[in-house]
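Observations on the model geometry
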Amino acid sequence: MKVLCIGGTGNLSLDCSLELLKRGHELYHLNRGGRPERVPEGVRSLKADIRDFEEASAALRGLEFDAVLDFIAYQPDHVRADIKLFEGRCGQFIFISSASAYKKPMSDYLVTESTPLANPFWDYARDKIACEDILWAAWRKRGFPLTVIRPSHTYSVGWLPSAFGSQDFTVAQRMLDDKPVIVHGDGQSLWTITHSRDFAVGLAGLVGHPQALGEAFNIVGDEALSWERIHLLSYRALAAFAPDIQPRIVHMPSDYIAGIDPDFGQRLLGDKAWSVCFDNRKTKRLVPEFRTSIPFHEGVRLSVEWYMADPARRIVNSALNDRLERLLRAWQA
């Protein structure tokens, strides 16, 4: 099949690209070409900024695809442009939405694809809901060939999941430096984390699947760990390189954090503060090979090893560090 990834080199999309190539698809990337070192061999690259409609149209001229996957649509205007670009030119359009779009506060511990979408706390989630609304309307009115994917917290090698960011080494460096690490609430709310290699199997299995059209899918792992456990497993992975490391976890109520730092508050009250367990049986019915093959204790070890192999990778976000210190000072006072 001829498949286009919009993006293709990011946290989710790189492992998805590798899985699609492994399955023998003819794969194209459409992106700005800013990370050529992350383009897998065999990918045909189309260089354009998807936010520039004319530029993207020119790059896509004369091309049609069996499936188009958009990993980087976050706002309503983004998907309106997608519809204009790809209606009549693809057999399936796969929108990567977000499990954060599901109803908050939770009304049931188990989230299925039929759980309502409503998030009064977080702008990001509300924008994803608005994107879905536009795409579902196009599916219902004109048969736009839509499939919606709702991942939860998904991480690749080089990401270290924490309550306050996963894309750098900031929290891990605090652990190594024996500085306090904040965990929201009492640390016992449950959270679902999925490795991107496992996510890629689920997504690739839905590409071109006729029963996936007009449907939404939770592509999430089988593990539900407490936030306390998630951070303790990160400490344990780091202990392989710093044997004397000891956990220094500070519990802080989410609504208190929101009062000090509203941006953190959005992300907690709109997502991470709730115990979240997902029903992934719908995905497994169509993609029987989808499962958790990389449990978190193994995935976090792989990420830590990747960081420790090269000091240049251990980037600390000083602004994030300052915000964490501000929270800790306020809490201590």
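Bear in mind the structure is a predicted one, so any value in this text is a computation, not a measurement.

Thresholds applied
- Residues numbered from 1 in each chain as written.
- Predicted model: local features only at pLDDT ≥ 70, side-chain atom pairs only at ≥ 80, totals over all residues.
- Heavy atoms only, no water.
- Helix = DSSP H or I, 4+ residues; strand = E, 2+ residues; numbered from the N terminus.
- Buried < 20%, exposed > 50% of the residue type's maximum accessible area, 1.4 Å probe, protein only.
- Contact = heavy atoms within 4.5 Å.
- Lys, Arg positive; Asp, Glu negative; His and termini not counted.
- Charge placed at Lys NZ, Arg CZ, Asp CG, Glu CD.
- Pairing = 2+ DSSP bridges.
- Polar contact = N/O pair within 3.5 Å; in protein donor to acceptor, adjacent residues only side chain to side chain.
- Axes fitted to C-alpha atoms, helices over the stretch in contact; angles between N-to-C directions.
- Right-handed = clockwise from strand over helix to strand, strands pointing away.
- Core = buried A, V, L, I, M, F, W, Y, C linked by side-chain atoms within 4.5 Å.
- Phe/Tyr/Trp six-rings, centres within 6.5 Å; stacked < 30°, edge-to-face > 60°.
- Lys NZ or Arg CZ within 6 Å of the ring centre and 35° of its normal.

Within the chain one finds 12 helices and 15 strands. Here the chain holds 333 residues, and the buried ones make up 55% of them. In the chain, 75% of the contacts between residues at least 6 apart in sequence involve partners at least 24 apart. For the chain, the separation between the mean place of its 40 positive charges and that of its 42 negative charges on side chains is 1 Å.

Attention now moves to the pairing of strand β2 (residues 26-31). Counting buried residues along β2, five of its six residues qualify, which places the element largely inside the surrounding structure. Sheet analysis places strand β1 (residues 2-6) next to β2, joined by five bridges and oriented parallel. Paired with Val3 across the bridge in β2 is Leu27. Judged from the four bridges that link them, β2 and strand β3 (residues 44-47) form a sheet pairing that is parallel. Counterpart to Asn31 in the pairing with β3 is Lys47.

Attention shifts here to the side chain of Thr147. Here Thr147 lies in strand β7 (residues 146-150). At a separation of 3.0 Å, a polar atom in the side chain of Thr147 contacts the side chain of Gln92. Within the local environment of Thr147, its side chain forms a polar contact with the backbone oxygen of Ala212, the two atoms lying 2.9 Å apart. When residues no more than four places from it in sequence are discounted, the contact partners of Thr147 are Gln92, Phe93, Ile94, Phe95, Ala212, Leu213, Glu215 and Phe217.

Next up on the list: the sheet that holds strand β12 (residues 215-218). The strand order β3-β2-β1-β4-β5-β7-β12 describes an open sheet built from seven strands, whose pairing is parallel. Each edge of the sheet is formed by a strand with only one pairing partner; in this case those strands are β3 and β12. Neighbour-to-neighbour, the strand axes of the sheet open up by a mean angle of 20 degrees, direction not taken into account. As judged from the three bridges shared by strand β4 (residues 67-70) and strand β5 (residues 93-96), these two strands associate in the parallel manner. When the sheet's bridge partners are listed, Val68 is paired in β5 with Phe93.

Moving on to helix α6 (residues 196-206). The buried count for α6 comes to 10 of 11 residues, which makes it a mostly enclosed element. By the burial criterion, the buried members of α6 are Ser196, Asp198, Phe199, Ala200, Val201, Gly202, Leu203, Ala204, Gly205 and Leu206. Two residues or fewer past α6, Gly208 is found with a positive phi of approximately 80 degrees.

We now examine the pairing of β4. Neither face of β4 is left uncovered, since the one carrying Ala67 and Leu69 and the one carrying Val68 and Asp70 both have all their residues buried. Bridge count for β1 against β4 is four bridges, and the pairing is parallel. By the bridge assignment, Cys5 is partnered in β4 with Leu69. You can see the chain leave β4, run along helix α3 (residues 76-86) and come back into β5, and the turn it takes is right-handed.

Phe164, Ile182, Ile257 and Phe296 are the most contacted members of the largest nonpolar core, which has 42 residues in total. Broken down by secondary-structure element, the contributors of at least two residues to this core are α5 (170-176), β9 (181-184), α7 (227-239), α9 (262-272), α11 (296-308) and α12 (318-332). Ranked by residues supplied to this core, first place goes to α7 with six residues. Ignoring any residue separated from it by four or fewer positions in sequence, one finds Phe296 in contact with Tyr155, Pro161, Ile193, Glu223, Leu225, Ile230, Leu233 and Ser234. Membership of the second largest hydrophobic core comes to 29 residues, among which are Ala56, Phe65, Cys131 and Ile134.

Checked against the element boundaries, Gly158 lands in the loop between β8 (153-155) and α5. Each C-alpha atom, one on Gly158 and one on Val39, is 16 Å from the other, the two residues being 119 residues apart in sequence. Once residues lying within four places of it in the same chain are set aside, the contact partners of Gly158 are Ser166, Ser303, Trp306 and Tyr307.

What follows covers the packing of aromatic side chains. The description of an aromatic ring pair rests on the distance of the ring centres and on the angle between the ring planes. For the structure on display, the rule yields 13 aromatic pairs. Between Phe121 and Trp274 the ring centres are 6.4 Å apart and the planes differ by 40 degrees, which places this aromatic pair in the tilted class. Placement of the pair is Phe121 in the loop between β6 (110-111) and α4 (123-142) and Trp274 in the loop between α9 and β15 (277-278), with a sequence separation of 153 residues. Through pairs of rings, three or more aromatic residues link up here, namely Tyr74, Trp122 and Tyr124. Note that Arg323 overlies the ring of Phe264, its terminal NZ or CZ placed 3.9 Å from the centroid.

All we've got here are geometric facts, nothing functional implied.
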